[in-house]
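# Structural overview
These are the residues of each chain, in order.
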Amino acid sequence: MSQSYAHRLLRVATLQELGELAADEARTRFDLGNVGLHWHTARTSVDAEQAGSGCSPAIAGDDSVFDKVSLFARANGARADLHWQGGSKRPDSRGGEWEQFLDETACVAQRLVEQASLTASVHRLERAEHVQRALFAIANMASSDLEMPAMLRGIHEIVGWLMYAENFFIVLYEPSHDSLRFLYFADTVDHDVFNPDDEISASELPNSLTLAMIRSGESQMGPSELIRERLGIQRDEKFGPDSLDWLGVPMAGSAGTRGAIVVQSYIEDARYTEEDRSILIYVAQHILTALERKQAKTALEARVAERTQELASANTELQQEVSERQRGERLQRALFGIVECAASAESMAEFYSSVHQIVGELLNARNFYIALVTDDGNEIEFPYSVDEINPVRPRRPLANGMTEYVLASGKALLADREMIDHLIGEGSVARFGTRACYWLGVPLICAEKTVGVLAVQSYSADAPFSARDQELLNFVAYHIANGLERKRAADAMLKSNAELEARVDERTRELAHSNRDLVTQILERERIEARLTHEAFHDVLTGLPNRALLLQRLATAMENHRADKGNTYAILFLDLDRFKVVNDSVGHLVGDAMLKQAALRLAGSCAPFMVARLGGDEFAVLVDSAPQPELAIAVAKRVLDALVDPIRVDNKDLFTSASIGIAYADSHYTRAEELLRDADTAMYRAKARGRQCYEVFDEQLRAEAMRTLDLENDLRHALARHEFEPYFQPIVSLLDQRILGYEALMRWNHPERGSRIPADFLQAAEDTGCIEQIDWQIFEMACRDALRLPEDTYISMNISARHLRIAEFDELALRTIRASGLAPSRVRLEVTEGALLDQPEQMRNILLRLRAAGVLVQLDDFGTGYSSLSYLHQFPIHSLKIDKSFVADLIHADRSPVVISAIIALAESLGIEVIAEGIETIAQKDILVAQGCTIGQGFLFARPLPIDQWVATPSWTH
């Protein structure tokens, strides 16, 4: 290989390495053949061909030359094609075309590298310009008049342009109080809410990463776990989850560190750099500048307010002096005005009003009244009264109020609140109405006799009365008393004449009104009777006939049928399916609107037959004069079709259907209610079949209804006769068959049918509401009988969901246990998964209180319900019982051992005891033991027996 060729090859390799650094998004394509060599770029096209033979062996065998030539071509937009031409011959390194090709290739590569370098420089300048604009925006926002919350939100948004800042908060540190305030907080994982005005003492934050960084005075960057190690603080769960990357910088000013800014990342793709740290330090300085500027502005405003107050005080004193002089002038004018009013007023009311207006110009007379003693001397009337709080002063008997105090003394009284309280305290006066801060009253004296009082009062502590006000009011009272006698006679005459004329007019109008009222009453009574008749037989909500009208029409149809068997009829009893879901989800108002529209559809589909609403979502259709029984079925089908389309209420599409029961005419019916009852029974059969269908009442349904009725009656008698008894089945250790406890199971000792298990009667007991009383009987008897069992065993009892809905169930249960003499620690209560999730918060509180008293809780039939981890964590569960269906399939099913193993592993991880139910074979027991279950019960060990048999058999064998 020649020296010039080696030099070019070295240059090519060097440019190749530079090109690879700048070729992040380059493309390379190689094509090695045996035809020729080509190099193509956007500006250069070289075609070098070697003809003939004579290729250097070193070059002919050196394929790396072509590799390096093509590799450095990965600069932006370049493409390299390598071809051989001339058969199987390779070019000679000494050929001129080959060296020229290498030179031009190196030049192109050099230009591509320079272009990539310039592109990178442009990107860096654009980044710097972007950062500069963002920092300028932050500085401009910090110096603006924006309120602090708006400014901080804006800074958060700007910081988000420069770095990952979805999790961003700003804290202010108060060194004098050693406390923190979260001025701004945004976090995608930690959803705590902080009030910017609340100070959090540093003593409450001993392991705060932010507080430790502030006290260190240096910014921190990296995973929060490493920063805690660096600052020497411990992990504290109350400060939220750890972040994968954490960057915080202190806000330092002339008075030391005043706070910090923190951003953090919970994702791998978002990490922080030193450039992010520099940007955040700059942001911190501007936020601190804004805070200091706000504080300086507040101090300046306080100084301005103080100076303004001083000027206002001086101005007030000057105004008081001017006001005093003006008041003297007004006083003179007022005295002349009062004298003129007394001579010219046409009535006392006009005189009182004029005097009040004049007095109001001189003193605080917003609350002004004149009190006069009635002619009989037993009462006080108020011919004129204006008051802010008590606008009406009714006539009242003489008592011992402030007014009566002036009447009795005949002297003026000027009192403040202290004096008023003193008079009340010594019993001289009693308070009437709202207590005043200041009260001024002067007597009205006519013919040397006090006939009334003129009074003003103030409810404001800053509006007192003075001795000068008292002098003015005495002058006013003198003129009122002089005019009082003169006006009384004239007013009395005018009043008498006016009253007489008014009585005549009133009596005339009364007679005319009486005639009109009589006619109106007759018409109204007829209208009311018609309305009451309609309301008595129609539903208020839907306007359909109600139960009363239906029964009336049905009774008529029954009489016609008895008179003529050809007058057949049928009754359709229908119930809207899932209507309760509508009421519970969107409310009763929407439910009522839905009922109205459903009623319209029913009436339209059943015409011409009568549709009645019985109550709630129950309707009935009377198909009378029906020539064929099939007509009732056809009407039922029309009803089902009418309810297929959705009902639109408040822009919501609501879907419903109907379950329909049909009862045909029969001579054995004597009352309309019996027919409705049988149609109702058929309707429930339709619901059991899956809803949206109809069912015809027949003898089978009649027999079932009678059996149900007999069973309900027997249950009530059995409850009264205490026919229910607890049977006990042992819960044993599967390792040594030692009895650990007993489950109390309910049995009904029926006098005719013998012992019956709960499956035979439990549903009927639930429907009739007897189940709660039965449960409490069994509970009391089981606690009492358990005293006869060994003291090292416990009893477990099933508790229905009805009991757990009672908020004080734990108190009732503990009272029953303690009344029996049994220790609460020997009692375990079994609940189902559905009962726990009915009212979860109430359930949890009840079970926690029971556990605190020593009563443990077992989860029954685990695996058949929700089987959720959430409530196993949420509720204080001591044991869970594997449902017997899993145990029964242990030998035959492939999945049961896996499910049981999973349940056992789950329980062990949560520290919960596991009990297997329904063990009937030794093989089942052995598999359970192999899976890790050591406690169980079932017929393999013993059947449920009464307490007397367990006491009579001290030892047992399986």
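Described in the following lines is the structure provided in the data block. (Residues numbered from 1 in each chain as written. Predicted model: local features only at pLDDT ≥ 70, side-chain atom pairs only at ≥ 80, totals over all residues. Heavy atoms only, no water.)

### A word on the overall build of the protein chain
Our working definition: In this description a helix means any DSSP run of H or I spanning at least four residues, a strand means any run of E spanning at least two, and both kinds are numbered starting from the N terminus. The buried label goes to any residue with under 20% of its type's maximum accessible area, the exposed label to any with over 50%, and the partly exposed label to all in between, with areas taken from a 1.4 Å probe on protein chains only. The contact rule is simple, with two residues in contact once any of their heavy atoms fall within 4.5 Å. For the area figures, the Shrake-Rupley method with a 1.4 Å probe applies, and any residue is considered shielded solely by the protein chains shown.
Check the secondary structure of the protein chain and you find 29 helices and 31 strands. Going through the 958 residues of the protein chain one by one, you find that 43% of them count as buried. Counting only contacts in the protein chain whose residues sit at least 6 apart along the sequence, the fraction spanning at least 24 positions is 65%. Counting only carbon and sulfur atoms, one obtains 52% of the accessible surface of the protein chain, whose full area is about 50600 Å².

### Some details on the sheet that holds strand S10 (residues 368-373)
Applicable threshold: By this definition, two strands are paired if DSSP reports at least two bridges between them. Structural elements are reduced to axes, namely lines fitted to C-alpha atoms, with helices fitted over the stretch in contact, and the angle between N-to-C directions of any two is expressed from 0 to 180 degrees.
Reading across from one edge, S12-S11-S10-S15-S14-S13 is the order of the six strands in this open sheet, with antiparallel pairing throughout. In the strand order of this sheet, the two ends are held by strand S12 (396-397) and strand S13 (413-416), each with one partner. Relative to S12, strand S11 (residues 379-386) runs antiparallel, the two being bridged by two bridges. Of the residues in S12, the one forming a bridge with isoleucine 380 is arginine 396. Its contacts with the sheet place helix H11 (residues 417-425) against S13 and strand S14 (438-446), and it is angled at close to 100 degrees to S13.

### Side note on helix H10 (residues 402-409)
Met402, Thr403, Glu404, Val406 and Leu407 are the residues of H10 that are buried. Looking one or two places after H10, you find glycine 410, whose phi comes out positive at around 70 degrees.

### A look at the pairing of strand S29 (residues 879-882)
Of the two faces of S29, the one lined by Ser879 and Lys881 and the one lined by Leu880 and Ile882 are each fully buried. In terms of strand pairing, strand S28 (residues 856-862) meets S29 through three bridges, oriented parallel. Paired with phenylalanine 862 across the strands is isoleucine 882, a residue of S29.

### As for unusual backbone geometry
Cis rather than trans, the peptide bond between alanine 607 and proline 608 has omega equal to 10 degrees. Mapped onto the elements of the fold, proline 608 is located in the loop between helix H15 (588-606) and strand S17 (610-615). Phi at asparagine 651 takes a positive value of approximately 65 degrees, unusual for a residue other than glycine. Mapped onto the fold, asparagine 651 is located in the loop between strand S19 (647-649) and strand S20 (652-654). Positioned with a positive phi, arginine 691 is a non-glycine residue whose angle comes to about 70 degrees. Summarising the element assignment, arginine 691 is placed in the loop between helix H17 (672-688) and strand S22 (693-696).

### Quick notes on the pattern of salt bridges
Working definition: two side chains of opposite charge can pair if their charged atoms are close together. Heads up, the condition is: Basic side-chain nitrogens of Lys or Arg form a salt bridge, by our definition, when they fall within 4 Å of a carboxyl oxygen of Asp or Glu.
The final tally for this structure, using the stated rule, is 34 salt bridges. Between glutamate 310 and arginine 307 there is a salt bridge, with its nearest N and O atoms 2.8 Å apart. One end of the pair is glutamate 310 and the other is arginine 307, both in helix H8 (residues 274-344) and three residues apart, which spans about a single turn. Overlapping salt bridges bring together Arg228, Arg235, Glu237 and Asp242 as one network.

### Side note on the packing of helix H22 (residues 809-820) against helix H24 (residues 840-852)
Heads up, the condition is: Every angle not falling under 35 degrees, over 145, or within 65 to 115 is termed oblique; those three ranges are roughly parallel, roughly antiparallel and roughly perpendicular. When the near helix sits turned anticlockwise from the far one by under a right angle, the crossing is termed left-handed; a clockwise turn instead gives a right-handed crossing. Gly falls in the polar group here, along with every residue not listed as nonpolar (Ala, Val, Leu, Ile, Met, Phe, Trp, Tyr, Cys, Pro) or charged (Asp, Glu, Lys, Arg).
Taken N-terminus to C-terminus, the directions of H22 and H24 make an angle of 30 degrees; their axes are 9 Å apart at the nearest point. As summarised for this structure, H22 and H24 are arranged roughly parallel, according to the angle between their axes. Handedness of the crossing formed by H22 with H24: right-handed. In this structure, H22 contributes Phe809, Asp810 and Leu814 to the contact, and H24 contributes Ile846, Arg849 and Leu850. The residue inventory of the contact of H22 with H24, partitioned by class, reads four nonpolar, no polar and two charged.

### Observations regarding the packing of aromatic side chains
Let me state the cut-off plainly: Any two rings among Phe, Tyr and Trp, with Trp reduced to its six-membered ring, count as a pair given centres within 6.5 Å; such a pair is stacked if its planes are under 30 degrees apart, edge-to-face if over 60, and tilted if neither.
Tallied over the entire structure, the rule returns 14 aromatic pairs. Ring geometry for phenylalanine 169 versus phenylalanine 182: centroids 5.9 Å apart, planes at 45 degrees, classification tilted. Placement of the pair is phenylalanine 169 in strand S4 (residues 167-174) and phenylalanine 182 in strand S5 (residues 179-186), with a sequence separation of 13 residues. For phenylalanine 169, a relative accessible area of 6% corresponds to the buried category.

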